[in-house]
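Read off the chains here:
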Amino acid sequence: MAITIVDNGTSYLDGLKAMLPEGSFRVIPWEDLWLASVFDSDVLILSGGHELSVVGNEEVFQKEMDMIRNFNGPILGICLGFELIVRAFGGELYVMPEGTKEIMNMVVVNPDPLFERLPNFTVYENHRSVALDLPEELVALACSKDGIEAVRHITRPIYGIQFHPEMFPDVSCGDEVFHNFLVIAGVIPREGC
């Protein structure tokens, strides 16, 4: 199975790569999307980013948002990737006066295989933007005190999570959420019967 990580300038790339089966992925910097085709991939993972905000830079990220709308396989957007998914389908983002950088409690508002065995859980947050208004194509899956934290497309295997599953797996459940996505995407088999 061919997995492409679109690196949106995350400083957590090594942690993200460590969560994937060795040799199963390639990394493409978001600035180089025009040079490479991701449509020969089976799964896309859109990393977070620390350089630019989506809000006010939609034109800069237009190629990536077009890719989100046109890719036929499973997609997981993490943090900035979540924000790109929300904007790609017409949702609104709000930039908080101060960012969030903490282990935070999540509440599942719509059960989904992404949160199998995780009715409520904690994850690591590091962001400034939140989704307040979702388009019809996306459904909220989990929320925190800041707002919507996880979404799913209503008909396609596209997921967005505002948190960082690759960070602090010893004290959060992000790695379990990421594992569940890999099962949904068919990257790894479901355990048990």
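The structure we're discussing is the one just above.
Attention here is on the structure that accompanies the text. (Residues numbered from 1 in each chain as written. Predicted model: local features only at pLDDT ≥ 70, side-chain atom pairs only at ≥ 80, totals over all residues. Heavy atoms only, no water.)

## Looking at the side chain of Glu83
Part 1: With respect to the helices and strands, the residue Glu83 is situated in helix α3 (residues 80-88).
Part 2: Polar side-chain contacts of Glu83 include one of 3.2 Å to the side chain of Gln162.
Part 3: If we skip the residues at most four places from it in the chain, Glu83 touches Val54, Leu93, His127, Ser129 and Gln162. (Helix = DSSP H or I, 4+ residues; strand = E, 2+ residues; numbered from the N terminus. Polar contact = N/O pair within 3.5 Å; in protein donor to acceptor, adjacent residues only side chain to side chain. Contact = heavy atoms within 4.5 Å.)

## A look at the packing of aromatic side chains
Part 1: Going through the model one piece at a time under the given rule, you end up with 6 aromatic pairs.
Part 2: Arranged with centres 6.4 Å apart and planes meeting at 70°, the rings of Tyr12 and Tyr124 form a pair that is edge-to-face. On the criterion of sequence distance, the pair formed by Tyr12 in the loop between β1 (3-7) and α1 (13-18) and Tyr124 in strand β6 (residues 120-133) is long-range, its members being 112 residues apart. Grouping residues by exposure puts Tyr12 and Tyr124 together as buried.
Part 3: Put simply, the rings of Tyr12, Tyr124 and Phe168 pair up and form one aromatic cluster. (Phe/Tyr/Trp six-rings, centres within 6.5 Å; stacked < 30°, edge-to-face > 60°. Buried < 20%, exposed > 50% of the residue type's maximum accessible area, 1.4 Å probe, protein only.)

## Some words on the nonpolar core
Part 1: Among the nonpolar cores identified, the biggest contains 31 residues, and Ile45, Ile78, Leu114, Phe115, Phe121, Phe178 and Phe181 are the most heavily contacted of them.
Part 2: By residue number, the principal contributor to this core is helix α4 (residues 174-184), which donates 4 residues.
Part 3: Setting aside residues no more than four positions away along its own chain, Leu114 makes contact with Leu141, Tyr159, Ile161, Val177, Asn180, Phe181 and Ile184.
Part 4: With 28 residues, the next largest nonpolar core counts Ile28, Trp30, Val86 and Leu138 among its residues. (Core = buried A, V, L, I, M, F, W, Y, C linked by side-chain atoms within 4.5 Å.)

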